[in-house]
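Secondary and tertiary structure notes
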Amino acid sequence: MIDFKCNLGKFVDTSEYDAKLAEARNYVARAQQDAFGGWVNLPIRYDREEFARIKQAAARIQADSKYLVCIGIGGSYLGHRAVIEALGGERGKTKILYAGNSLSARALGAVLAEIGEDDFSVNVISKSGTTTEPAVAFRVLKQKLIAKYGEEGAVKRIYATTDAVKGALHDEAQAKGYECFVVPDNIGGRYSVLTAVGLLAIAAAGFDIDALMDGAEEERAAVISDGGKAAEYAALRNVLLAQDYNIEIMANFEPQFAQFNEWWKQLFGESEGKDGRGIYPASVVNSTDLHSMGQYIQEGRRNLFETFVEIAADYAALQVPQSHDDLDGLSYLEGKELDYINKTANAATREAHLAGGVPVLEIVMPELSERAMGGLIYFFEMSCALSAYALGVNPFDQPGVEAYKRRMFELLGKPGYEQV
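These notes cover the structure that comes with them. Since this is a predicted model, take the numbers as computed values, not measurements.

Criteria and thresholds
- Residues numbered from 1 in each chain as written.
- Predicted model: local features only at pLDDT ≥ 70, side-chain atom pairs only at ≥ 80, totals over all residues.
- Heavy atoms only, no water.
- Helix = DSSP H or I, 4+ residues; strand = E, 2+ residues; numbered from the N terminus.
- Rg over C-alpha atoms; globule rule 2.2 N^0.38 Å.
- Contact = heavy atoms within 4.5 Å.
- Areas by Shrake-Rupley, 256 points an atom, 1.4 Å probe, with all protein chains shown as cover.
- Lys, Arg positive; Asp, Glu negative; His and termini not counted.
- Charge placed at Lys NZ, Arg CZ, Asp CG, Glu CD.
- Axes fitted to C-alpha atoms, helices over the stretch in contact; angles between N-to-C directions.
- Parallel < 35°, antiparallel > 145°, perpendicular 65-115°, else oblique.
- Left-handed = near helix turned anticlockwise from the far one by under 90°.
- Pairing = 2+ DSSP bridges.
- Salt bridge = Lys/Arg side-chain N within 4 Å of Asp/Glu carboxyl O.
- Buried < 20%, exposed > 50% of the residue type's maximum accessible area, 1.4 Å probe, protein only.
- Nonpolar A, V, L, I, M, F, W, Y, C, P; charged D, E, K, R; others polar.
- Core = buried A, V, L, I, M, F, W, Y, C linked by side-chain atoms within 4.5 Å.
- Right-handed = clockwise from strand over helix to strand, strands pointing away.

1. Topic: the overall build of the protein
Secondary structure assignment for the protein yields 15 helices and 10 strands. Relative to the 2.2 N^0.38 estimate, which gives 22 Å for 420 residues, the radius of gyration of the protein is 23 Å and therefore close to what a compact globule would have. Here the C-alpha coordinates of the protein stretch approximately 65 × 60 × 45 Å along the principal axes. By sequence separation, contacts in the protein at least 24 residues apart represent 80% of the contacts at least 6 residues apart. In the structure as shown, the protein presents an accessible area of about 18800 Å², 51% of it carried by carbon and sulfur atoms. Across the protein, the 42 positively charged side chains and the 59 negatively charged ones have centroids separated by 6 Å.

2. Regarding the packing of helix 9 (residues 209-223) against helix 14 (residues 370-391)
Between two packed helices, the angle of one axis relative to the other and the distance separating the axes together describe the packing. Running from N to C, helix 9 and helix 14 point in directions that differ by 45°, and their axes come no closer than 6 Å. One element, helix 9, and the other, helix 14, form an angle in the oblique class. Judged by the twist between their axes, the crossing of helix 9 over helix 14 is right-handed. Here helix 9 contributes Ala211, Leu212, Asp214, Gly215, Ala216, Glu218, Glu219, Arg220 and Val223 to the contact with helix 14, which in turn contributes Glu370, Arg371, Met373, Gly374, Gly375, Tyr378, Phe379 and Met382.

3. Description of the sheet that holds strand 3 (residues 95-99)
If you walk across this open sheet you meet the 5 strands as 3-2-4-5-6, and the pairing is parallel. Unpaired on one side and paired on the other, strand 3 and strand 6 (179-182) mark the two borders of the sheet. Taken over all neighbouring pairs, the strand axes of this sheet differ in orientation by 20° on average, direction set aside. Inspection of the sheet shows strand 2 (residues 67-71) paired to strand 4 (residues 120-125) by 5 bridges, in the parallel sense.

4. Some words on the pattern of salt bridges
Within this structure, the stated rule accounts for 26 salt bridges. As a salt-bridge pair, Glu218 and Arg371 come within 3.8 Å of each other at their nearest N and O atoms. Note that Glu218 is positioned in helix 9 and Arg371 in helix 14, a separation of 153 residues in sequence. The class of Arg371 is partly exposed, set by a relative accessible area of 37%. Note that Glu248 is salt-bridged to Arg237, the shortest N-O span being 2.8 Å. Of this pair, Glu248 sits in strand 7 (residues 247-252) while Arg237 sits in helix 10 (residues 228-242); the two residues are 11 residues apart in sequence, bridging distant segments of the chain. Taking the relative accessible area as the measure of exposure, Arg237 reaches 1% and is therefore buried. Here the salt bridges do not stand alone but share partners, grouping Glu49, Arg53, Arg60 and Glu179 into one network.

5. Thoughts on the environment of Glu16
Of note, Glu16 is situated in helix 1 (residues 14-33). Residue class for Glu16 comes out partly exposed when judged on its relative accessible area of 40%. Along the backbone, Glu16 and Asn238 are 222 residues apart, and their C-alpha atoms lie at a distance of 9.8 Å. Excluding anything up to four places from it in sequence, Glu16 contacts Val239 and Gln243.

6. A word on the packing of helix 1 against helix 10
Look at helix 1 against helix 10: their axes get within 8 Å of each other, and the N-to-C directions meet at 130°. Looking at the two axes, helix 1 sits oblique to helix 10. Taken as a pair, helix 1 and helix 10 cross one another with a handedness that is right-handed. Contact residues: helix 1 offers Glu16, Tyr17, Lys20, Leu21, Ala24 and Arg25, while helix 10 offers Ala231, Glu232, Ala235, Leu236, Asn238 and Val239. Residue composition of the contact of helix 1 with helix 10, by class: 7 nonpolar, 1 polar and 4 charged.

7. Some remarks on the nonpolar core
Judged by nonpolar contacts, the single largest core of 93 residues is most densely connected at Trp39 and Phe380. For this core, the leading source of residues is helix 14, giving 15 residues. Not counting the four nearest positions on each side in its chain, Phe380 is found in contact with Tyr233, Met250, Phe260, Trp263, Trp264, Leu267, Phe268, Val309 and Ile363. Within the second largest apolar cluster, 23 residues are counted, among which are Leu97, Phe138, Ile158 and Cys180.

8. As for unusual backbone geometry
Residue Ser287 follows Asn286 across a cis peptide bond; omega there is 5°. Within the secondary structure, Ser287 is located in the loop between strand 8 (280-285) and helix 12 (294-299). Despite not being glycine, Asp275 shows a phi value in the positive range, around 55°. Mapped onto the secondary structure, Asp275 falls in the loop between helix 11 (258-272) and strand 8. Looking at Asp275, the relative accessible area reads 62%, which means it is exposed. A positive phi is found at Asp326, a non-glycine position, where the angle reads about 50°. In this fold, Asp326 is placed in the loop between strand 9 (304-311) and helix 13 (338-355).

9. Quick notes on the pairing of strand 10 (residues 360-365)
One face of the sheet, then the other: side chains in a regular strand alternate in exactly this way. Most of strand 10 sits inside the fold, with 6 of its 6 residues counted as buried. Burial along strand 10 is two-sided: Val360, Glu362 and Val364 and Leu361, Ile363 and Met365, pointing in opposite directions, are all buried. Bridge count between strand 1 (residues 3-6) and strand 10: 4 bridges; the pairing is antiparallel. Each residue of the ladder has a partner; that of Asp3, found in strand 10, is Val364. Bridging between strand 9 and strand 10 involves 6 bridges; their strand directions are parallel. Directly across from Glu306, in strand 10, lies its bridge partner Val360. For the segment spanning strand 9, helix 13 and strand 10, crossover handedness is right-handed.

Just geometry here; none of it tells us what the structure is for.
Spelled out as structure tokens, the structure:
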């Protein structure tokens, strides 16, 4: 299970924290009853038949494709990319590529260039099928599939994750015969990584999605009655916000967690950033960013706090070798595990930042595995929902996302969006 630690006596009034914690705990039932709260009990109520088809499709992709191109934006790709990269990258022969998460011709061109003449399949992930970024990428990649495999061959290599009954992508998939998986109506995109939205790519990358779901269920069982550690984290965030700590920095000491940071930023930023409210989510990957952002965190404005994600298990893979001349001055580290040195740097950073006036929270996963990642995902989903409810905002909508789209469609001349 996921553990949560903090030592914030000088920052947090106990009575204020107790009140916020009681409030957060009361919101667990509200999350379960919400029209978009399908993620709450997903680990015990997921569609077993579809889950089996996901594993079968993943096995086919591993057998016939050097690449699987996942086409999607926002919650349609951030979650599974976060899991795959956090766990160290693909374990099988199939490499996962990403398209449709920008409008950059250079980025899409790089994907096409990497595929070259190799075998590939596509997983297009879109509730509607009309979101501009993935729709454009799908057109381009579908053309490449047809050119390489013909119309019938291309159909067998397109997997559509979309609405169960409606939408442009659903209709095309039904007409063409693509294998389909469902984006649930009661689970929003940024909470969807444990649905078919994320599971096909994770399975195709060679990871155990049964263990992923088991970890999510273990965490669900730990928090479902009163919010558990997730409620504690949500409560402390809101207590700190009330004291004008309005920036939260997700910090970790593993570079492979960089994409997990991006998923976390979408989850909290899109859930809480409404009506002039919310905590701004930022991130660093240390010790790298201690040499760029460390100065600001240590001595800059005191309106930020840090949440460290840590791995309890040791990783005994590398030691600092001995050197007879010691020209680099590392004799004091000779024979020590690099993982131990990294964890020591982590502890030293927390202590230094705390002493410098930065509130520090710790979230600890027991190990780096599919099971632990499932638990971590569920922990953050629950804490995000509880924190947003406490802020007085809807955790599951994103009305502000449409503003740029309206203006872009006007400028591009999309019918129905003519400039006035």
